[in-house]
Amino acid sequence: NQASLTYLYGGTNQGTALSNVATTNLEGPVTINKTALQDTYRGGTQITYIVTITNSGECGSVGYTLTDDLGTFTNGTCTSTPLNYVGPAQLYVGGQFYSVLTPTVAQGLVTFDIPALPCNTSAMLIYVAEVNECANLAVGASIENTVTLTGGNLCEPLTDSNVIDVAVYADVDIIKSMTPNPFVSGGTLTYTFDLFNYG
């Protein structure tokens, strides 16, 4: 939006000044926020996600669909999904337990149906996903997980993302073995140590 100012000076001279272009974002009454209880992940870690949907408007609505991409990403021509949905999914509306949701699970997606969102109320969906063998465990890696909300009275889809970083840690194991086995008195005994770091 831009304003124009017309003014007189010197008695009969007219001038015009244009303002800067001011912008703002129009936000609907429904907002979405995605968080995780964990800040970091390891292979096989279970991550608890919380998606909060807030309706600050004066009208309730029904028929929302929430889709989680389970961190799916494309590297060149290869598409990988580093998370598996393991559930359960619990829905709270207005701070009260509403129901356990059974989502539709497909390759790289999990979809939840949110039946209703009353006016001036928040709904909170809590569910669990597990880090699988497709997750990048190299130092500096992360999983970016995005949810998309559609339906209800939304004019366009709402999205929000959460990023968790790979944990930097060492997970060391040692295995000791002896040869030969069985051992004869007076012979030579060899010890072997195998060291592993799974971190």
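Here, every reference points to the structure presented above.
To keep things clear, this report deals only with the structure shown in the data block.

**Re the side chain of Thr 81**
- With respect to the element layout, Thr 81 can be found in the loop between strand E8 (78-80) and strand E9 (83-85).
- At 2.9 Å, the side chain of Thr 81 forms a polar contact with the side chain of Thr 72.
- Setting aside chain neighbours within four positions, we find Thr 81 in contact with Asp 69, Leu 70, Thr 72, Gln 107, Gly 108, Asn 132 and Cys 134.

**Some words on the pattern of salt bridges**
- Scanning all chains against the criterion turns up one salt bridge.
- As a salt-bridge pair, Lys 34 and Asp 68 come within 3.1 Å of each other at their nearest N and O atoms. Linking Lys 34 in strand E3 (residues 30-36) with Asp 68 in strand E6 (residues 61-68), this pair joins segments that are 34 residues apart in sequence. Summarising the burial analysis for this pair, Lys 34 and Asp 68 share the class buried.

**A look at the nonpolar core**
- Grouped together as the largest cluster of nonpolar side chains are 33 residues, with contacts concentrated most on Tyr 41, Leu 66, Phe 112, Ile 114, Leu 125 and Tyr 127.
- Ranked by residue count, the leading element in this core is strand E14 (residues 121-131), at five residues.
- Setting aside its immediate chain neighbours within four residues, Leu 66 contacts Ile 32, Val 51, Val 110, Thr 111, Phe 112, Ile 114, Leu 125, Val 147, Thr 148 and Leu 149.

**Examining the side chain of Asn 55**
- Looking at the element boundaries, Asn 55 is found in strand E5 (residues 46-55).
- Only 3.3 Å separates the side chain of Asn 55 from the backbone oxygen of Pro 118, close enough to count as a polar contact.
- Those residues within four positions of Asn 55 in sequence are excluded, and the remaining contacts are Pro 29, Val 30, Gly 60, Ser 61, Leu 117, Pro 118, Cys 119, Asn 120 and Thr 121.

**Looking at unusual backbone geometry**
- Omega for the peptide link from Gly 87 to Pro 88 comes to -5°, which places this bond in the cis form.
- Each neighbour pair has its own omega, and for Thr 179 with Pro 180 the value is -5°, a cis peptide bond.
- Summarising the element assignment, Pro 180 is placed in the loop between strand E17 (172-179) and strand E18 (190-197).
- Backbone geometry places Leu 70, a non-glycine residue, at a positive phi of 55°.
- Of note, Leu 70 is situated in the loop between E6 and strand E7 (73-75).
- One non-glycine residue, Asn 120, lies in the positive phi region at around 50°.
- Relative to the elements of secondary structure, Asn 120 occurs in the loop between strand E13 (109-117) and E14.

**Observations regarding the environment of Thr 72**
- Locating Thr 72 in the fold gives a position in the loop between E6 and E7.
- Residue Thr 72 is classed as partly exposed on the basis of its relative accessible area, which comes to 27%.
- In sequence terms Thr 72 and Ser 161 are 89 residues apart; their C-alpha atoms lie 12 Å from each other.
- Residues in contact with Thr 72, not counting those within four places in the same chain, are Thr 79, Ser 80, Thr 81, Pro 82 and Gly 108.

Reading the values: rules and limits
Positions within a chain are numbered from 1, following the residues in the order the chain's sequence is written. Side-chain atom pairs in this predicted model are given and counted only at pLDDT of 80 or more, local residue features only at pLDDT of at least 70, and totals for whole chains, interfaces and linings cover all residues. Side-chain measures here rest on the full set of heavy atoms in the structure, leaving out hydrogens and waters. In DSSP terms, a helix is any run of H or I states spanning at least four residues, a strand is any run of E spanning at least two, and both are numbered starting from the N terminus. For the purposes of these results, a polar contact is taken to be a pair of N or O atoms within 3.5 Å, where, inside protein, one atom must be able to donate a hydrogen and its partner to accept one; residues adjacent in sequence count only when each atom of the pair is a side-chain atom. Throughout, a contact is declared for two residues whenever any of their heavy atoms are within 4.5 Å. One speaks of a salt bridge when a side-chain nitrogen belonging to Lys or Arg is within 4 Å of a carboxyl oxygen belonging to Asp or Glu. Buried, partly exposed and exposed residues are distinguished by accessible area as a fraction of the type maximum, computed with a 1.4 Å probe on protein chains only: under 20%, between the cut-offs, and over 50%, respectively. What is meant by a nonpolar core is a set of buried Ala, Val, Leu, Ile, Met, Phe, Trp, Tyr and Cys residues, joined one to another through side-chain atoms within 4.5 Å.

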